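A structural walkthrough
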Amino acid sequence: MLTKHKFLVAVALLAIVFSIAPLAAQVESSTSQATDGLFTSDVDNFLNVNNWQDVEFDKFFMVAQVDGANGVNGGFALHAGSVYLGFGYLGNFWSGNINSTKTEYGSGFAYAPYAGKDITDNNTPADAGLSWTNQVSVLAGTELLGGIRVDVNMAGIGNDNDDADSLNPLTGDKTTAKTAVGLGWIEPGIQWGRNFAIGGGVLKPTLGFSYTADLRKTLSDPGTAGSVETTTWTSEDGFFMESEYDDVYTGANNGQVGLTGAIAGSVDLGYDFSAGDADVSVWAGYGLRLYTYGKQTENSTTWTDYNPAHMVQSASIGVGAWYTLDRKLSLGWQAEGYFDFDKASITSEKVKDGPDPDHEFTDNRLGITPKLSVGVSFKALPDTFTVNASLALYPLHYSYREFEHIDKTAGPDTITDTIHIIDPTYSTTSLGFTWFIAKGLSFDAVAAIGVTGSRADLTNFSALLSYKL
């Protein structure tokens, strides 16, 4: 039974996580990375809303990881009566630069009162300040309700209060310009999952929801006489900034659309069952992400008011099978298909300093990516040392784009552009090992190599230490 003391501790920890306000990835084991997700360990399950009950321990489980892609990760799990509690962290702690330039004006300076004096914070390059990119996750699981995980992701959180002093070399006038870049991204999210025994197999539904708040903005004060401090939304939706094919959004404020955030939801369904000598899994998923924008009047350099919209849909479907070939060797394979569809538009309403009517942009894009992968896990020294490896093949990536620009200044004129692109075959190879040092203690490492044509690049590495008691 969950005691009152343990319950209050759990509530307090959840409250701390919400007050910190950090979603994206989970802690992934090096075994999973080495086998392209075909073989997993407790590290992959302790924050998984469907598989948390597969982590077996008496008192606690803990992990610490260094990952070339995600920085420093870690977490732990414990039981509070009949409730399973898992806590995780991913992040890079902090990044950025703090710069302060000190300039000394000598006796030959044109304006005598400032000769021989120091002017500090005359910053070139500008002081970028420090920012934090971190995620905190908390999972609670019970046999009746399943698993519920709360993620709070912080990306680029930080402030730059940059006061840059400068002197006019002719008049000696001192100017202090203030610039403050606001907070980055904050994304809270929640996910639920539960397993159901159906038809001799296990059905695994998962539901997720997240909200992203984009808090990036610029506060500026030129510091000159009569100047007014201004606040400008500088956020951009990368979709509207793309210029790979043409500079299509130049007329619409260069694609700067005052992005304020996004709302996202996902649903995934998997089914695990046995077929002869193989363990088989089939799965499908769907995701929807809607971007949100503020009123565009303030930061627009061309239009006084225009309306952007952007929606992203994604879907996946897959099948995989796993075989135990002998007491040392296990093999698995999977075939997956990924689909994504972007639909975006910008409708301008008014143009600055002119009588011209509006422009309209519509942009639709479709992407299809099939993937084949095979992984092996070989117990070179049973119960002591296991070698993990995989090969993943992306036969192609097909993308389709249909863009339309209606210029109502004369006519109107309509420009339609249709593009088909097939990217070359790409593959990744991963190799890793797991060393079971002692009972409950293991060391897991991996290196991954991406191969395109005749080139091979080391793309990722990971090493972790896990312990359970």
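Before reading further, recall that the structure is shown in the block above.
Here's what I pulled together on the structure shown here. If you're wondering where the values come from, they're calculated on a predicted model, not measured in any experiment. For every chain, the first residue of the written sequence is number 1, and numbering continues from 1 onward in sequence order. Residue-level local features of this predicted model are given only where pLDDT is at least 70; pairs of side-chain atoms are given and counted only at 80 or more, and the full residue set underlies all totals for whole chains, interfaces and linings. Calculation of side-chain values draws on the structure's entire complement of heavy atoms; hydrogens and water are dropped beforehand.

**As for the overall build of the chain**
For clarity, the threshold we go by: Numbering of helices and strands starts at the N terminus; helices are DSSP runs of H or I of at least 4 residues and strands are runs of E of at least 2. Only protein chains enter the area calculation, which uses a 1.4 Å probe; residues under 20% of their type maximum are buried, those over 50% are exposed, and those in between are partly exposed. Only the protein chains shown count as cover for residues, with accessible areas throughout obtained via the Shrake-Rupley method and a probe of 1.4 Å.
A count of helical and extended segments in the chain gives four helices and 26 strands. The burial tally for the chain puts 38% of its 469 residues in the buried class. Accessible surface for the chain amounts to roughly 24300 Å². Of this, 61% is attributable to carbon and sulfur atoms.

**Remarks on the pairing of strand 20 (residues 359–381)**
The side chains of a regular strand alternate between the sheet's two faces. Applied cut-off: For two strands to be treated as a pair, DSSP must find at least two bridges joining them.
By the bridge criterion, 10 bridges tie strand 20 to strand 22 (residues 397–407) in an arrangement that is antiparallel. Residue pairing across strands places Ile368 opposite Tyr398, the latter belonging to strand 22. Taking the residues that link successive antiparallel strands as the turn, the strand 20-strand 21 (residues 385–394) hairpin has three residues, and the phi of Asp383 there is positive, at about 70°.

**Comments concerning the layout of surface pockets**
To keep things clear, this is the line we draw: Whether a set of points on the 1 Å grid over the protein atoms alone is a cavity depends on a 1.4 Å probe fitting there but being unable to get out, while an open set qualifies as a pocket with protein on both sides within 12 Å along at least five of seven lines; lining residues are those with an atom within 4 Å of a point. Grid points are joined across faces, edges and corners, and a volume is the space filled by probe spheres set on the points. Residue polarity is assigned by list, with Asp, Glu, Lys and Arg as charged and Ala, Val, Leu, Ile, Met, Phe, Trp, Tyr, Cys and Pro as nonpolar; anything else, Gly included, falls into the polar class.
The computed volume of the second largest pocket comes to approximately 150 Å³. In the lining of the second largest pocket, the residues fall into three nonpolar, one polar and four charged.

**A closer look at a nonpolar patch on the surface**
What counts is decided by this rule: Patches were defined on residues exceeding 30% relative accessible area and lacking a salt bridge, with like-charge contacts within 9 Å and nonpolar side-chain contacts (Val, Leu, Ile, Met, Phe, Trp, Tyr) within 5 Å. The salt bridge definition used is simple: a Lys or Arg side-chain nitrogen within 4 Å of an Asp or Glu carboxyl oxygen.
A surface patch of nonpolar side chains, about 500 Å² in accessible area, is lined by Ile148, Ile190, Phe209, Tyr211, Ile263 and Leu290. Structurally, the position occupied by Ile190 is in strand 11 (residues 185–193).

**Regarding the nonpolar core**
Worth spelling out the cut-off: Residue types Ala, Val, Leu, Ile, Met, Phe, Trp, Tyr and Cys, when buried and joined through side-chain atoms within 4.5 Å, form a set referred to as a nonpolar core.
One finds Phe46, Phe61 and Tyr84 to be the most contacted residues of the largest nonpolar core, which totals 15 residues. Secondary structure elements with two or more residues in this core: strand 1 (60–67) and strand 3 (83–91).

**Let's talk about the packing of aromatic side chains**
What counts, and what does not: Centres within 6.5 Å make a pair out of two Phe, Tyr or Trp rings, where for Trp the six-membered ring is used; the pair is then stacked when the planes are under 30 degrees apart, edge-to-face when over 60, and tilted otherwise.
A complete count under the given rule lists 10 aromatic pairs for this structure. A ring pair is formed by Phe46 and Phe61, whose centres lie 5.5 Å apart and whose planes are at 50°; its orientation type is tilted. Highlighted residues: Phe46 in the loop between helix 3 (42–45) and strand 1 and Phe61 in strand 1, separated in sequence by 15 residues. The pair formed by Phe46 and Phe61 is uniform in burial state, with each residue classed as buried. Between Phe57 and Tyr84 the ring centres are 6.3 Å apart and the planes differ by 55°, which places this aromatic pair in the tilted class.

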